[in-house]
There are 2 protein chains.
Amino acid sequence: MSEFEQALSKKDLEEGSKLSPRFDANGLVTAVISDADSGQLLMVAHMNAEALTKTLETRQTWLWSRSRKELWHKGASSGAVQDVADILTDCDQDTFWLKVRPRKAEDTCHTGRVSCFYRSVNPDSGDLDPVTK
Amino acid sequence: MSEFEQALSKKDLEEGSKLSPRFDANGLVTAVISDADSGQLLMVAHMNAEALTKTLETRQTWLWSRSRKELWHKGASSGAVQDVADILTDCDQDTFWLKVRPRKAEDTCHTGRVSCFYRSVNPDSGDLDPVTK
């Protein structure tokens, strides 16, 4: 899977209209996934070229699981499939921001939560506190 | 810089109150940075242990520049210093979400924009369109 055009000039990469993902040494880009309606950050994961292609084609979230080393159709087993409303990329095209609508919000995190970000660093103790909201 | 406790059990890593960042093979965690007030995603970058420590100590954004291979006090040269209101981590503690207030919003991206995410993938053409809002 390498249909994406590569090696644009820095100017074209940053200011152009051509999609040219900059995959890292492991063939991955970062995927930041937030809720399209609430704006809440849900999870951060990775995509290889095939996962990105499938995400663009199906408008659902496909990822690359680094731990399982396999393509991962998010929610295929839990029911927490994510319909993708919008996909943005950043200046150097090594990160993609997916705005999604999860079909089963409570299982977005494998711990059974709506978001993977459920703890904040306490500035005084340096320990983690549960996020209350 | 390795003051962070490592090798927690999976349960303690995910459910505990101990900060135990899981740095990757390059010694980095992902930093997702959004605006504390508007919620807008501003940029995605990386932190090594020293950058994370300095961010926690100073409550300003410190990063590791992979291209320049150096510690990076965000905004030190441009004036776009970011005051950190809150720092969250995710289930497996390999990503940190910084909610910040930039002192000079328009220079958050090195292209002179408020956010690095200024283009979206057009679902029909597959090309990038400017984000209008």
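Everything that follows concerns the structure shown earlier in this document.
Residues numbered from 1 in each chain as written. Chains lettered and ligands numbered in written order. Predicted model: local features only at pLDDT ≥ 70, side-chain atom pairs only at ≥ 80, totals over all residues.

1. With respect to the environment of A:Phe4
Residues and elements named next belong to chain A. Quick note on the threshold: Strands are runs of DSSP state E lasting at least 2 residues, helices are runs of H or I lasting at least 4, and numbering of each runs from the N terminus. Here a residue counts as buried when 20 or more other C-beta atoms fall within 10 Å of its C-beta, as exposed when 12 or fewer do, and as partly exposed in between; the C-beta atoms come from the backbone. Residues are treated as contacting if the C-beta atoms built from their backbones sit within 7 Å of each other.
With respect to the helices and strands, Phe4 occurs in the segment before helix H1 (10-15). For Phe4, a count of 16 C-beta atoms within 10 Å corresponds to the partly exposed category. The spacing of Phe4 and Ala76 is 72 residues in sequence and 26 Å in space, taken between C-alpha atoms. Setting aside residues no more than four positions away along its own chain, Phe4 makes contact with Leu19, Ser20, Pro21 and Ala49.

2. What to know about the sheet that holds strand E7 (residues 119-121) of chain A
Using the following cut-off: By this definition, two strands are paired if DSSP reports at least two bridges between them. Only the contacting stretch of a helix is used when fitting its axis, a line to C-alpha atoms as for every element, and angles between N-to-C directions run 0 to 180 degrees.
Taken together, the 6 strands give an open sheet; going across it, the order is E8(A)-E7(A)-E5(B)-E6(B)-E1(B)-E2(B), and neighbouring strands pair in mixed fashion. Two strands close off the open sheet at either side, each with one partner strand: strand E8 (128-130) of chain A together with strand E2 (41-47) of chain B. This sheet shows a mean twist of 30° between the axes of neighbouring strands, independent of strand direction. Inspection of the sheet shows strand E1 (residues 29-35) of chain B paired to strand E6 (residues 95-102) of chain B by 6 bridges, in the parallel sense. Note on E6(B): the bridge partner recorded for B:Ser34 is B:Lys99. Sheet strands in contact with helix H2 (residues 49-58) of chain B are E7 of chain A together with E1, E2, strand E5 (82-89) and E6 of chain B, and its direction is about 125° off that of E2(B).

3. Let's talk about unusual backbone geometry
Generally, phi is negative for residues other than glycine and the peptide bonds are trans, each holding for most cases. Residue and element names in this part refer to chain B. You will see that Arg59, though not glycine, has its phi angle at about 55°, which is positive. Turning to its location among the elements, Arg59 is positioned in the loop between H2 and strand E3 (62-65). Non-glycine residue Lys69 carries a positive phi angle of around 55°. Inspection of the secondary structure assignment puts Lys69 in the loop between E3 and strand E4 (70-73). The exposure class assigned to Lys69 is exposed, which follows from the 7 C-beta atoms found within 10 Å.

4. Looking at the interface of chain B and chain A
For the record, the criterion: Just so you know the grouping, Ala, Val, Leu, Ile, Met, Phe, Trp, Tyr, Cys and Pro go in nonpolar, Asp, Glu, Lys and Arg go in charged, and all remaining residues, Gly too, go in polar.
Contact residues are listed per partner, giving 33 residues for chain B and 33 residues for chain A. Within the residue set of the side of chain B that touches chain A, elements represented by two or more residues are E1, E2, E5, E6 and strand E7 (119-121) of chain B. Among the elements that make up the side of chain B that touches chain A, the one with the highest residue count is E5(B) (4 residues). Looking at the side of chain B that touches chain A residue by residue, the class counts come to 16 nonpolar, 10 polar and 7 charged. The pairing of E7(A) with E5(B) spans 2 bridges and is classified as antiparallel. Paired with A:Arg119 across the bridge in E5(B) is B:Thr89.

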